[in-house]
Amino acid sequence: MSTPAYVFAPPAVTAVPVDGGGSFPVHRVYCVGRNYADHAVEMGFSGREPPFFFLKPADTAVPVAEGQTGEIAYPSLTSNLHHEVELVVAIGIGGSHIAAAHAAGHIFGYAVGLDMTRRDLQGEMKKQGRPWCIGKAFEQSAPIGPIRRLAQTGELLAGSISLAVNGTVRQQGDLKDLIWSVNETIEQLSIAWTLQPGDLIYTGTPAGVGAVVKGDVLEARVAGLGPLRVAVR
Ligand code: MN
């Protein structure tokens, strides 16, 4: 029996350009909370808690090609839109219960990403013990630069991660200071969910998060990857 025709056109696949050609179709966007001690402390925590996760819909990703400046619209309902620069891990081979020692074999590559956050709404939800979705999983909340293949970069275990707004550095950290390393994160995530090719993992942000306003231009960098430039409109 054939599948009945769709009653409307299915949504387009969100796809991130890959350095050297091709594009990476996005399946899910996972995010790690409070994964650098200095950021955990600035948010009022010790930095010594087990890893925890949240998700953004795949179509919140805003792919920005090499050398381009992406655009996001200032979202509704907030007056405190925050930037969080993050190393993004792109999964190429899925799996569940992946041991940290084997995690690198599941990585397709890396990109620079921004976990944009309606901080006022997130704070209100935290206070009330409610889900973070409205603070985190809104449209255009996950800008991402081009993906560079692991074969090109090698494993990214250390190196500078930074964010500048209108040329002024606001966040500056080092990947070696991740509380839960990329490989440990893949291990923990893959116990809770079955990872699939096309999954993106935003691995957490260093200290220095803060607000942006309409007209700001953000430049996010991770050593070994091309920069991600995004304008807020
Ligand atoms: Mn984040």
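To keep things clear, this report deals only with the structure shown in the data block.

### Some remarks on the overall build of the protein chain
Of regular secondary structure, the protein chain possesses 5 helices and 18 strands. Projected onto its principal axes, the C-alpha coordinates of the protein chain cover approximately 55 × 45 × 40 Å. Considering the protein chain as a whole, with its 233 residues, one finds that 50% of them fall into the buried category. If you take every contact in the protein chain between residues at least 6 apart in sequence, the share linking residues at least 24 apart comes to 77%. Carbon and sulfur atoms provide 56% of the accessible area of the protein chain, an area that totals close to 10600 Å². Across the protein chain, the mean location of the 18 positive side-chain charges is 4 Å away from that of the 21 negative side-chain charges.

### Digging into the sheet that holds strand 7 (residues 81-83)
The 3 strands lie next to each other as 10-7-16, forming an open sheet whose pairing is antiparallel. Edge positions in the open sheet fall to strand 10 (117-118) and strand 16 (210-211), since each of these has one partner strand only.

### Some remarks on the coordination of the manganese ion
For the manganese ion, the full set of protein donor atoms is Glu84 (OE), Glu86 (OE) and Asp115 (OD), at a range of 2.0 to 2.1 Å. Along the chain, the residues donating to the manganese ion fall in the pattern E-x1-E-x28-D. Of this pair, Glu86 sits in strand 8 (residues 85-91) while Asp115 sits in the loop between strand 9 (107-114) and strand 10; the two residues are 29 residues apart in sequence, bridging distant segments of the chain. Like Asp115, Glu86 is buried.

### A short note on the nonpolar core
Formed by 41 residues in total, the largest nonpolar core has its most connected members in Leu114 and Ile186. With residues near it in sequence (within four places) discarded, Leu114 still touches Glu84, Val85, Ser141, Ala142, Pro143, Leu163, Tyr202, Leu218, Ala220, Leu228 and Val230. Counting 18 residues, the second largest nonpolar core, distinct from the first, contains Phe54, Ala61, Trp132 and Ile144.

### What to know about the packing of aromatic side chains
Counting across every chain of the model gives 5 aromatic pairs. Judged by centre distance (5.7 Å) and plane angle (90 degrees), the rings of Phe52 and Trp132 are edge-to-face. One end of the pair, Phe52, is in the loop between helix 1 (37-42) and strand 4 (53-56); the other, Trp132, is in the loop between helix 2 (119-128) and helix 3 (133-136), and 80 residues separate them in sequence. A relative accessible area of 22% means that Phe52 is categorised as partly exposed. For the ring pair Phe53 and Trp193, a centre distance of 6.2 Å and an interplane angle of 80 degrees mean the geometry is edge-to-face. Of this pair, Phe53 sits in strand 4 while Trp193 sits in the loop between helix 5 (182-192) and strand 15 (200-202), and the two are 140 residues apart along the sequence. Classification of Trp193 by relative accessible area gives partly exposed; the value is 28%. Feature note: the residues Tyr30, Phe53 and Trp193 constitute an aromatic cluster, connected by ring pairs. Looking at Arg34, its charged tip hangs above the ring of Phe45, at a distance of 3.5 Å from the centre.

### Some details on helix 2
Every α-helix winds through 3.6 residues per turn, so residues three or four apart in the chain are directed the same way. Buried residues of helix 2: Arg119, Leu121, Gln122 and Met125, and no others. One side of helix 2 holds all its buried residues, which, seen down the axis, span an arc of 160 degrees. Packed against the buried residues of helix 2 are strand 7, strand 10 and helix 3. With its phi angle positive at about 70 degrees, Gly129 sits one or two positions after the end of helix 2.

Cut-off values and rules
- Residues numbered from 1 in each chain as written.
- Predicted model: local features only at pLDDT ≥ 70, side-chain atom pairs only at ≥ 80, totals over all residues.
- Heavy atoms only, no water.
- Helix = DSSP H or I, 4+ residues; strand = E, 2+ residues; numbered from the N terminus.
- Buried < 20%, exposed > 50% of the residue type's maximum accessible area, 1.4 Å probe, protein only.
- Contact = heavy atoms within 4.5 Å.
- Areas by Shrake-Rupley, 256 points an atom, 1.4 Å probe, with all protein chains shown as cover.
- Lys, Arg positive; Asp, Glu negative; His and termini not counted.
- Charge placed at Lys NZ, Arg CZ, Asp CG, Glu CD.
- Pairing = 2+ DSSP bridges.
- Donors = N, O, S within 2.8 Å, 3.2 Å for Na, K, Ca; no water.
- Core = buried A, V, L, I, M, F, W, Y, C linked by side-chain atoms within 4.5 Å.
- Phe/Tyr/Trp six-rings, centres within 6.5 Å; stacked < 30°, edge-to-face > 60°.
- Lys NZ or Arg CZ within 6 Å of the ring centre and 35° of its normal.
- Arc of directions from axis to C-beta.

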